[in-house]
Amino acid sequence: MKPAPNASNIIYSPVDFARSIMTIFGDPDYISQAGSAATFNRSLRDIGQDLADGLVRCMTTNGGWYYFCGGESTTDGSTTGWAPEALRLLERKYGVETY
(Lines give C-alpha, C1' and ligand atoms only; values in the text may rest on other atoms or scores of the structure.)
Protein backbone atom coordinates (compact mmCIF):
# COMPACT_ATOMS: atom_id res chain seq x y z
CA MET A 1 0.00 0.00 0.00
CA LYS A 2 1.19 3.55 -0.68
CA PRO A 3 2.07 5.95 2.13
CA ALA A 4 -0.49 8.38 3.52
CA PRO A 5 -2.04 10.59 0.85
CA ASN A 6 -0.34 13.78 -0.18
CA ALA A 7 -0.91 16.20 -3.03
CA SER A 8 0.49 13.77 -5.59
CA ASN A 9 -1.36 10.59 -4.62
CA ILE A 10 -4.62 11.48 -2.87
CA ILE A 11 -6.75 9.97 -5.61
CA TYR A 12 -4.60 6.89 -6.18
CA SER A 13 -4.47 5.91 -2.50
CA PRO A 14 -8.21 5.13 -2.05
CA VAL A 15 -8.06 2.57 -4.86
CA ASP A 16 -5.00 0.95 -3.30
CA PHE A 17 -6.75 0.93 0.08
CA ALA A 18 -9.95 -0.55 -1.34
CA ARG A 19 -8.05 -3.33 -3.10
CA SER A 20 -5.91 -4.01 -0.05
CA ILE A 21 -8.74 -4.37 2.45
CA MET A 22 -10.72 -6.56 0.05
CA THR A 23 -7.76 -8.81 -0.64
CA ILE A 24 -6.48 -9.11 2.91
CA PHE A 25 -9.75 -9.34 4.82
CA GLY A 26 -12.51 -9.90 2.30
CA ASP A 27 -15.40 -10.03 4.76
CA PRO A 28 -17.30 -6.71 4.81
CA ASP A 29 -18.36 -7.42 8.38
CA TYR A 30 -14.78 -7.87 9.61
CA ILE A 31 -14.15 -5.53 12.54
CA SER A 32 -10.86 -3.64 12.45
CA GLN A 33 -8.60 -4.57 15.35
CA ALA A 34 -6.18 -1.68 14.86
CA GLY A 35 -5.93 1.82 13.51
CA SER A 36 -6.97 5.31 14.42
CA ALA A 37 -10.26 6.32 15.98
CA ALA A 38 -11.69 6.55 12.45
CA THR A 39 -11.05 2.85 11.79
CA PHE A 40 -10.57 0.99 15.07
CA ASN A 41 -13.45 -1.29 16.06
CA ARG A 42 -15.43 -0.53 12.89
CA SER A 43 -16.51 -2.87 10.12
CA LEU A 44 -14.81 -2.76 6.75
CA ARG A 45 -18.22 -1.95 5.26
CA ASP A 46 -18.41 1.22 7.40
CA ILE A 47 -14.82 2.18 6.60
CA GLY A 48 -15.54 1.55 2.92
CA GLN A 49 -18.58 3.83 3.11
CA ASP A 50 -16.41 6.58 4.58
CA LEU A 51 -13.97 6.11 1.72
CA ALA A 52 -16.77 6.30 -0.87
CA ASP A 53 -18.18 9.43 0.81
CA GLY A 54 -14.76 11.06 0.69
CA LEU A 55 -14.27 10.24 -2.99
CA VAL A 56 -17.65 11.70 -3.88
CA ARG A 57 -16.89 14.84 -1.85
CA CYS A 58 -13.61 15.23 -3.73
CA MET A 59 -15.23 15.19 -7.16
CA THR A 60 -14.52 18.32 -9.19
CA THR A 61 -17.28 20.66 -10.30
CA ASN A 62 -17.39 18.98 -13.74
CA GLY A 63 -17.78 15.47 -12.34
CA GLY A 64 -14.20 14.21 -12.53
CA TRP A 65 -11.29 13.99 -10.13
CA TYR A 66 -7.90 15.63 -9.94
CA TYR A 67 -4.80 15.13 -7.80
CA PHE A 68 -6.28 16.97 -4.84
CA CYS A 69 -9.72 17.18 -3.31
CA GLY A 70 -12.41 19.51 -4.62
CA GLY A 71 -10.75 21.20 -7.55
CA GLU A 72 -12.71 23.53 -9.77
CA SER A 73 -13.23 21.96 -13.16
CA THR A 74 -9.76 20.57 -13.83
CA THR A 75 -9.60 16.82 -14.28
CA ASP A 76 -6.99 14.36 -15.40
CA GLY A 77 -7.61 11.16 -17.32
CA SER A 78 -5.66 8.99 -14.92
CA THR A 79 -7.18 10.31 -11.70
CA THR A 80 -10.69 10.39 -13.17
CA GLY A 81 -10.27 6.71 -13.97
CA TRP A 82 -9.12 5.55 -10.53
CA ALA A 83 -11.79 7.12 -8.33
CA PRO A 84 -14.73 5.48 -10.17
CA GLU A 85 -12.85 2.17 -10.06
CA ALA A 86 -12.58 2.43 -6.27
CA LEU A 87 -16.29 3.29 -6.04
CA ARG A 88 -17.17 0.30 -8.24
CA LEU A 89 -15.09 -2.06 -6.10
CA LEU A 90 -16.56 -0.74 -2.86
CA GLU A 91 -20.12 -1.01 -4.12
CA ARG A 92 -19.67 -4.51 -5.54
CA LYS A 93 -17.75 -6.03 -2.64
CA TYR A 94 -19.12 -4.15 0.37
CA GLY A 95 -22.49 -2.93 -0.83
CA VAL A 96 -21.69 0.67 0.07
CA GLU A 97 -23.74 3.56 -1.31
CA THR A 98 -21.78 5.17 -4.12
CA TYR A 99 -24.42 7.68 -5.17
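Above this text sits the structure in question.
The rules behind the values
Residues numbered from 1 in each chain as written. Predicted model: local features only at pLDDT ≥ 70, side-chain atom pairs only at ≥ 80, totals over all residues. Heavy atoms only, no water. Salt bridge = Lys/Arg side-chain N within 4 Å of Asp/Glu carboxyl O. Helix = DSSP H or I, 4+ residues; strand = E, 2+ residues; numbered from the N terminus. Buried < 20%, exposed > 50% of the residue type's maximum accessible area, 1.4 Å probe, protein only. Disulfide = S-S within 2.5 Å. Axes fitted to C-alpha atoms, helices over the stretch in contact; angles between N-to-C directions. Parallel < 35°, antiparallel > 145°, perpendicular 65-115°, else oblique. Left-handed = near helix turned anticlockwise from the far one by under 90°. Contact = heavy atoms within 4.5 Å. Core = buried A, V, L, I, M, F, W, Y, C linked by side-chain atoms within 4.5 Å.

**Student:** Explanation requested: the pattern of salt bridges in the structure shown.
**Tutor:** Oppositely charged side chains can pair when the atoms bearing their charge come close. Under the defined criterion, the tally for this structure stands at three salt bridges. Two residues, Glu-85 and Arg-88, come together in a salt bridge whose shortest N-O distance is 2.7 Å. With Glu-85 and Arg-88 both in helix 3 (residues 77–94) and three residues apart, the pair spans about one turn of that helix. Look at Glu-85 and you get partly exposed, because its relative accessible area is 25%.

**Student:** Is there a simple way to explain the state of the cysteines in this structure?
**Tutor:** In protein structure, a disulfide is the covalent linkage between the sulfur atoms of two cysteines. In total, this model carries one disulfide according to the counting rule given. The disulfide partner of Cys-58 is Cys-69, and the S-S distance across this bridge is 2.0 Å. On the sign convention where negative means left-handed, the S-S torsion of about -95° between Cys-58 and Cys-69 marks this disulfide as left-handed. Taken as a pair, Cys-58 in the loop between helix 2 (44–57) and helix 3 and Cys-69 in the loop between helix 2 and helix 3 lie far apart in primary sequence, eleven residues in all. Take Cys-69: its relative accessible area is 39%, and that puts it in the partly exposed class.

**Student:** Which parts of the structure should I look at to understand the side chain of Thr-98?
**Tutor:** Secondary-structure assignment places Thr-98 in the segment after helix 3. Accessibility expressed as a relative area gives 16% for Thr-98, which makes it buried.

**Student:** Hey, could you run me through the packing of helix 2 against helix 3 in this one?
**Tutor:** Between two packed helices, the angle of one axis relative to the other and the distance separating the axes together describe the packing. Where helix 2 meets helix 3, the closest approach of the two axes is 10 Å, and the angle between their N-to-C directions is 150°. The orientation of helix 2 relative to helix 3 falls into the category roughly antiparallel. Taken as a pair, helix 2 and helix 3 cross one another with a handedness that is left-handed. Across the interface between the two elements, Leu-44, Arg-45, Gly-48, Leu-51, Ala-52, Leu-55 and Val-56 of helix 2 pack against Ala-83, Ala-86, Leu-87, Leu-90 and Tyr-94 of helix 3.

**Student:** Help me understand the nonpolar core in this model?
**Tutor:** In globular proteins that are soluble, nonpolar side chains generally tend to be buried together. Counting residues in hydrophobic clusters, the biggest one holds 13 residues, and the most contacted among them are Ala-52, Leu-55, Trp-65, Leu-87, Leu-90, Tyr-94 and Val-96. Taken together, the elements giving at least two residues each to this core come down to helix 2 and helix 3.

**Student:** Hey, could you run me through the environment of Pro-84 in this one?
**Tutor:** Here Pro-84 shows up in helix 3. Put simply, Pro-84 and Trp-65 are 19 residues apart on the chain and 9.2 Å apart in space, counted from C-alpha to C-alpha.

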